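# Notes for the structure review
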Amino acid sequence: MLQENCYVVNDETRECVIIDCGAFYPEERQAIVQYIRDNQLIPKHLLGTHGHLDHHFGDDTIYKNFGLKPEVHGGDGDMMENMSEQAASMFGLRLDNDMPSVGHYLSAEDDITFGNHHFSVIETPGHSRGGVFFYCEEENIAFSGDTLFRNSIGRTDFSGGSMFMIIQSLRHISQLPDSTIIYPGHGEETTIGQELASNPYLDR
């Protein structure tokens, strides 16, 4: 509905993680489940880059099919615990689905493992209090949620947002290698180097 990007990431072991399952329509939900089943993947984690509902519409589908509860940074706990209120206030929707509770609140100390890979959690508050990057050093990729987009950044005018904090977060993640591929919560992929060259919000 809001052109949000959901990622299913696996390696040769077939273990996978699902990142930002914002699937809203039934056909989108079914497509994700079918992709996982067709490729005989083994879901290990349901991860959220932050707590906004457009990144969690499909959490109930993943829970019903694979038994996974969302893992989100603790800074967004209030949003995750009040999905119905968020649906009404931010999207003008009535949330009829029974959303799963948070399975684990993340922090920078967490190391998310699946197969032969792992993600480190980089705290990037600003778009929300609990925004994070999921960074895979060995593959030189990061999932940025709504902190960093191609040539732009996430809004900071929602509850819990802060322009000061997001600028601090951007300065922090700008230290990643220039070749790091960024997979954002909306829009096309980019790299740290490309954003340093063209994004007006990003500098070293």
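Reference entry: report on the structure contained in this document. (Residues numbered from 1 in each chain as written. Predicted model: local features only at pLDDT ≥ 70, side-chain atom pairs only at ≥ 80, totals over all residues. Heavy atoms only, no water.)

Within the protein one finds six helices and 13 strands. The C-alpha atoms of the protein give 16 Å as radius of gyration, which agrees with the globular expectation for 204 residues (17 Å, within 12%). By its C-alpha atoms, the protein is 45 × 40 × 30 Å across when sized along the principal axes. With 204 residues in all, the protein has 50% of them scored as buried. Within the structure as shown, the protein displays about 9,500 Å² of accessible surface, and the carbon and sulfur contribution to it stands at 47%. Of the charged side chains in the protein, 12 are positive and 32 negative; the average position of the first set lies 4 Å away from that of the second. (Helix = DSSP H or I, 4+ residues; strand = E, 2+ residues; numbered from the N terminus. Rg over C-alpha atoms; globule rule 2.2 N^0.38 Å. Buried < 20%, exposed > 50% of the residue type's maximum accessible area, 1.4 Å probe, protein only. Areas by Shrake-Rupley, 256 points an atom, 1.4 Å probe, with all protein chains shown as cover. Lys, Arg positive; Asp, Glu negative; His and termini not counted. Charge placed at Lys NZ, Arg CZ, Asp CG, Glu CD.)

Turning our attention to the sheet that holds strand 3 (residues 42–47). Within the open sheet, the five strands sit side by side as 1-2-3-4-5. Their pairing is mixed. Each edge of the sheet is formed by a strand with only one pairing partner; in this case those strands are strand 1 (7–10) and strand 5 (104–106). Each adjacent strand pair in this sheet contributes to an overall mean axis angle of 30 degrees, direction not counted. Judged from the five bridges that link them, strand 2 (residues 15–19) and strand 3 form a sheet pairing that is parallel. Within the sheet, the bridge partner assigned to E15 lies in strand 3 and is I42. The sheet contacts of helix 1 (residues 26–38) involve strand 1, strand 2 and strand 3, and relative to strand 1 the element is tilted by about 10 degrees. (Pairing = 2+ DSSP bridges. Axes fitted to C-alpha atoms, helices over the stretch in contact; angles between N-to-C directions. Contact = heavy atoms within 4.5 Å.)

Per the stated rule, a full pass over the model turns up eight aromatic pairs. Each ring, one from Y7 and one from Y183, has its centre 5.7 Å from the other, and the planes form 65 degrees; the classification is edge-to-face. Placement of Y7 in strand 1 and of Y183 in strand 12 (residues 181–184) is noted, with a sequence separation of 176 residues between them. For Y7, a relative accessible area of 16% translates into the label buried. Ring centres 5.3 Å apart and planes at 65 degrees place the aromatic pair F114 and F119 in the edge-to-face group. Taken as a pair, F114 and F119 share a single burial class, namely buried. (Phe/Tyr/Trp six-rings, centres within 6.5 Å; stacked < 30°, edge-to-face > 60°.)

The buried fraction of strand 8 (residues 132–136) is high, at five of five residues. Side chains of strand 8 alternate between two faces, with V132, F134 and C136 and F133 and Y135 buried alike. Of the pairings in the sheet, the one linking strand 7 (residues 117–123) to strand 8 comprises four bridges and is antiparallel in character. In the sheet register, S120 faces strand 8, and the bridge partner there is Y135.

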